[in-house]
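# Tertiary structure, described
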Amino acid sequence: MNYIDTHCHLDGEEFAQDRDAVVQRAREAGCTQIFLPAIDAASCKTVLDVCAQYPSYCLPMLGLHPEEVKTDWREQLSIINHQLSISECVAIGEIGLDYYWSREFEQEQLEAFEEQVRWAVELQLPLMIHCRKAQNELVAILKKYAKDLPGGVFHCFTGNGQEAHQLLEFDRFVLGIGGVLTFKKSHLPEVLPACVPLDRIVLETDAPYMAPVPQRGQRNESAFIRHIITRLAEAYGVTEEVICHQTTSNVERIFHLTSTQPFYH
């Protein structure tokens, strides 16, 4: 069984000592590609460096994460925009809105997110979107560009049926499903089959965070997606092979990938 991890912070310090081993375990588990999101200007370099070490296997996404939107956000965006212009990337991300901890930079987050959405329209690159406690504000911005958006992923979806329906109204987008699916108190095993067709789901880890059961509490890595696949197959009443085949097909559709053309720019 083969699958793709659409969201892994493999460039992080957490993997500095054993990155090769992590990649090897991912390959052995059936992970055929890993997408790496940047979170700020500095991480654009680390993401691109790691992707250069594993060409066609690790693919870069560049963007400014909402929690990294501070007083220097315009300068950060300028650097990231330049890097996008000279790099081959599969998406713009990780971008979005996050009011979970603070609304100190609420307006700046809104402006930074919308600017990067405009980049996606201009470059026709899909978006990797992070959203916490801000779905209404996020949807309002996306609706302004709905006809021209190339698509993307609503990363780390943990919401209810109504929230899923609202996001899936953007017909070129899919939901990123990770370790939360396996948590004991998660309602996703009921919500997803009731509201989300399998052609609207992709797999992700958000490693090193959000490790699935039975690895919960450990450092997450791409090999652990096998537990997410198992839980999805149980929830949808299909085989694990069906989950792998469909989610890989979804990734190829959203990110415009083929086996002979690993990059889209």
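Residues numbered from 1 in each chain as written. Predicted model: local features only at pLDDT ≥ 70, side-chain atom pairs only at ≥ 80, totals over all residues. Heavy atoms only, no water.

## Here we look at the state of the cysteines
- This model, assessed by the stated rule, comprises zero disulfides.
- Cysteine Cys89 shares no disulfide, and the gap to the nearest cysteine sulfur, in Cys44, comes to 7.8 Å.
- Under the relative-accessibility criterion, Cys89 is labelled buried at 0%.
- The cysteine Cys244 is free of any disulfide, with Cys31 supplying the nearest cysteine sulfur at 10 Å. (Disulfide = S-S within 2.5 Å. Buried < 20%, exposed > 50% of the residue type's maximum accessible area, 1.4 Å probe, protein only.)

## Some details on the packing of aromatic side chains
- Applying the stated criterion across every chain, the model contains five aromatic pairs.
- Relative to Phe255, the ring of Phe35 has its centre 4.9 Å away and its plane inclined at 75°; by these criteria the two rings are edge-to-face. Pair noted here: Phe35 is in strand β2 (residues 31-37) and Phe255 is in helix α9 (residues 240-255), with a separation of 220 residues, a long-range link. Residues Phe35 and Phe255 agree in their burial class; the two are buried.
- Counting every residue linked through ring pairs, the aromatic cluster contains Phe154, Phe170 and Phe173.
- Sitting over the face of the ring of Tyr100, Arg132 holds its NZ or CZ atom 4.4 Å from the ring centroid. (Phe/Tyr/Trp six-rings, centres within 6.5 Å; stacked < 30°, edge-to-face > 60°. Helix = DSSP H or I, 4+ residues; strand = E, 2+ residues; numbered from the N terminus. Lys NZ or Arg CZ within 6 Å of the ring centre and 35° of its normal.)

## Comments concerning the pairing of strand β4 (residues 91-98)
- Counting buried residues along β4, eight of its eight residues qualify, which places the element largely inside the surrounding structure.
- Looking at chain direction, strand β3 (residues 58-62) and β4 are connected through two bridges and run parallel. Paired with Leu62 across the two strands is Ile92, which belongs to β4.
- Examined bridge by bridge, β4 and strand β5 (residues 127-132) share six bridges and lie parallel to one another. (Pairing = 2+ DSSP bridges.)

## Concerning the packing of helix α5 (residues 135-144) against helix α6 (residues 161-168)
- The contact between α5 and α6 brings their axes to 11 Å, and the two run at 15°. Between α5 and α6, the interaxial angle falls into the category roughly parallel. Crossing angle aside, the handedness with which α5 passes α6 is left-handed. Contacts between α5 and α6 involve Gln135, Asn136 and Val139 from the first element and Glu163, Gln166 and Leu167 from the second. (Axes fitted to C-alpha atoms, helices over the stretch in contact; angles between N-to-C directions. Parallel < 35°, antiparallel > 145°, perpendicular 65-115°, else oblique. Left-handed = near helix turned anticlockwise from the far one by under 90°. Contact = heavy atoms within 4.5 Å.)

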